[in-house]
Amino acid sequence: MIDAPALHLSGRATIGGTPIFGPLTLEAPAGEWTCLLGPSGVGKSTLLRLLAGLGEEVVFDGDLAAGDGAPLQGRVALMAQSDLLLPWLDATENVALGARLRGEAPQRDRARDVLVRVGLADHAGKRPHALSGGQRQRVALARTLMEDRPVVLLDEPFSALDARARARMQDLSAEVLAGRTVLHVTHDAGEAARLGTRVLVMSRDGLADVPPPDTRPPRPFDAGDTLAYQGKLMRLLMEAV
Ligand SMILES: Nc1ncnc2c1ncn2[C@@H]1O[C@H](COP(=O)(O)OP(=O)(O)OP(=O)(O)O)[C@@H](O)[C@H]1O
Ligand SMILES: [Mg+2]
């Protein structure tokens, strides 16, 4: 059993005096998969960066805490919107990067296993410039899964993938991250319909809770309730500003 805390964020954010988001209140339940959707520029990545302890440029006025009261530091993995792979390291070394940065022995065998699971067995020795955009994104996903943290923040993790790879990576992530507290930013209503146990739509007015089907994720992409929910969410996104 993973000891994954709930996430709580309540307040408003500015950069250089310009309002970015809020006031709003976000609750991501412990051990559940929360999807966050909303128009480009509304502040989703900024919110994730704050939760990850990054975003030095952001002035945040409010509360940000784990539900268990303990510090979040050291318990969060962020897969950023850009892949942030180091160009001079091969795929395996990029996946094992966290340990290296912490001064621990890199777990090359485990890194290679995770690369196999994201379908990159034949590309483990390649550096990022020799990988396609979708392959680079899967290396970044592998690095995030490798981190093995109780809180996982995913910023458009499957956006560069073809439909088949996307469905497979959704299934893999749902399996590997089960029991963790996941906050997943996506623009894809179908993806939220498959994966979310909680779905939030962010607009300039704050967050709207759009309860998904109460079946367990990952839901079949072609199930009637998944498709009906996808349509409903899409309609809301068309209205969100
Ligand atoms: N370092 C920065 N300096 C100034 N403004 C910034 C900075 N980072 C982000 N912003 C601004 O903050 C706003 C929110 O950006 P953010 O990246 O959080 O949006 P987003 O919801 O993730 O959008 P997208 O869906 O396009 O990824 C944007 O207007 C952006 O221009
Ligand atoms: Mg973003």
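Please read these numbers as outputs of a predicted model, since none were measured by experiment. (Residues numbered from 1 in each chain as written. Chains lettered and ligands numbered in written order. Predicted model: local features only at pLDDT ≥ 70, side-chain atom pairs only at ≥ 80, totals over all residues. Heavy atoms only, no water.)

**Overview of the overall build of the protein**
For the protein, the count of helices and strands is eight helices and nine strands. Taken over the C-alpha trace, the protein has a radius of gyration of 18 Å; the compact-globule value for 241 residues is 18 Å, and the two agree within 12%. Overall, the protein is about 45 × 45 × 35 Å in size when its C-alpha atoms are taken along their principal axes. Going through the 241 residues of the protein one by one, you find that 49% of them count as buried. Partitioning the contacts of the protein with sequence separation of at least 6, the portion at a separation of at least 24 is 68%. (Helix = DSSP H or I, 4+ residues; strand = E, 2+ residues; numbered from the N terminus. Rg over C-alpha atoms; globule rule 2.2 N^0.38 Å. Buried < 20%, exposed > 50% of the residue type's maximum accessible area, 1.4 Å probe, protein only. Contact = heavy atoms within 4.5 Å.)

**Observations regarding the coordination of the magnesium ion (ligand 2)**
Here the magnesium ion (ligand 2) is held by Ser 45 (OG) and Gln 81 (OE1), and the distances to it run 2.0 to 2.2 Å. Linking Ser 45 in helix α1 (residues 44–51) with Gln 81 in the loop between β5 (76–79) and α2 (91–95), this pair joins segments that are 36 residues apart in sequence. (Donors = N, O, S within 2.8 Å, 3.2 Å for Na, K, Ca; no water.)

**Here we look at the packing of helix α5 (residues 133–147) against helix α6 (residues 163–176)**
For the pair α5 and α6, interaxial distance at closest approach is 11 Å and the crossing angle is 10°. In terms of their interaxial angle, α5 and α6 are classed as roughly parallel. Contact residues: Arg 138, Leu 141 and Leu 145 in α5; Met 169, Leu 172, Ser 173 and Val 176 in α6. For the contact of α5 with α6, the residue count by class is five nonpolar, one polar and one charged. (Axes fitted to C-alpha atoms, helices over the stretch in contact; angles between N-to-C directions. Parallel < 35°, antiparallel > 145°, perpendicular 65-115°, else oblique. Nonpolar A, V, L, I, M, F, W, Y, C, P; charged D, E, K, R; others polar.)

**Observations regarding the domain arrangement of the protein**
By the assigned domains, the protein splits into domain 1 (7–75 + 151–239) and domain 2 (87–148). Counting residues at the interface gives 15 residues for domain 1 and 10 residues for domain 2. Of the roughly 1,000 Å² buried where domain 1 meets domain 2, counting both sides, 64% is carbon and sulfur surface. Across the domain 1-domain 2 interface, the total number found is two salt bridges. Where domain 1 touches domain 2, the interface holds six residue pairs in polar contact (both at pLDDT 80 or more). (Domains from an automatic or database assignment. Buried area = accessible area lost by both parts, 1.4 Å probe. Salt bridge = Lys/Arg side-chain N within 4 Å of Asp/Glu carboxyl O. Polar contact = N/O pair within 3.5 Å; in protein donor to acceptor, adjacent residues only side chain to side chain.)

**Concerning the UniProt feature "domain: ABC transporter" (unreviewed entry) in the protein**
The UniProt record annotates "domain: ABC transporter" (unreviewed entry) at residues 2–229. Secondary structure content for residues 2–229 is 31% helix and 25% strand, and the end C-alpha separation is 29 Å. (UniProt positions renumbered as here; feature names shortened; annotations may be inferred.)

**Some words on α5**
For α5, which comprises 15 residues, the first-to-last C-alpha distance of 22 Å matches the rise-based estimate of 21 Å (1.5 Å per residue) to within 8%. The positive-phi residue at the C-terminal boundary of α5 is Asp 148, with phi of around 60°. (Expected span 1.5 Å × (residues − 1).)

**Re the sheet that holds strand β3 (residues 33–37)**
Backbone-to-backbone hydrogen bonds pair the strands of a sheet. The strands run either parallel or antiparallel. In spatial order, the strands read β5-β6-β7-β3-β8-β9; together these six strands make up an open sheet with mixed pairing. Two strands in the sheet have a free side with no partner beyond their single neighbour: β5 and β9 (206–209). Averaged over all neighbouring strand pairs, the angle between strand axes comes to 20°, with direction disregarded. Both strand β8 (residues 198–203) and β9 contribute to a ladder of four bridges, which runs antiparallel. Counted as the bridge partner of Ser 203 is Gly 206 from β9. With respect to the sheet, α5 is in contact with β5 and β6 (151–155), its orientation differing from that of β5 by roughly 175°. Of the strands in this sheet, β3 and β8 touch helix α8 (residues 224–239), which is tilted by about 15° from β8. (Pairing = 2+ DSSP bridges.)

**A closer look at the sheet that holds strand β2 (residues 18–28)**
On the basis of which strands lie adjacent, the open sheet formed by three strands has the order β2-β1-β4 and antiparallel pairing. The open sheet is flanked by β2 and β4 (58–66), the only strands paired with a single partner. Ignoring strand direction, the axes of neighbouring strands in this sheet form an average angle of 5°. Here strand β1 (residues 7–15) pairs with β2 via eight bridges, running antiparallel. Across the sheet, the residue bridging to His 8 is Glu 27, located in β2. α1 rests against β1, β2 and β4 of the sheet, and its axis sits at about 65° to β2.

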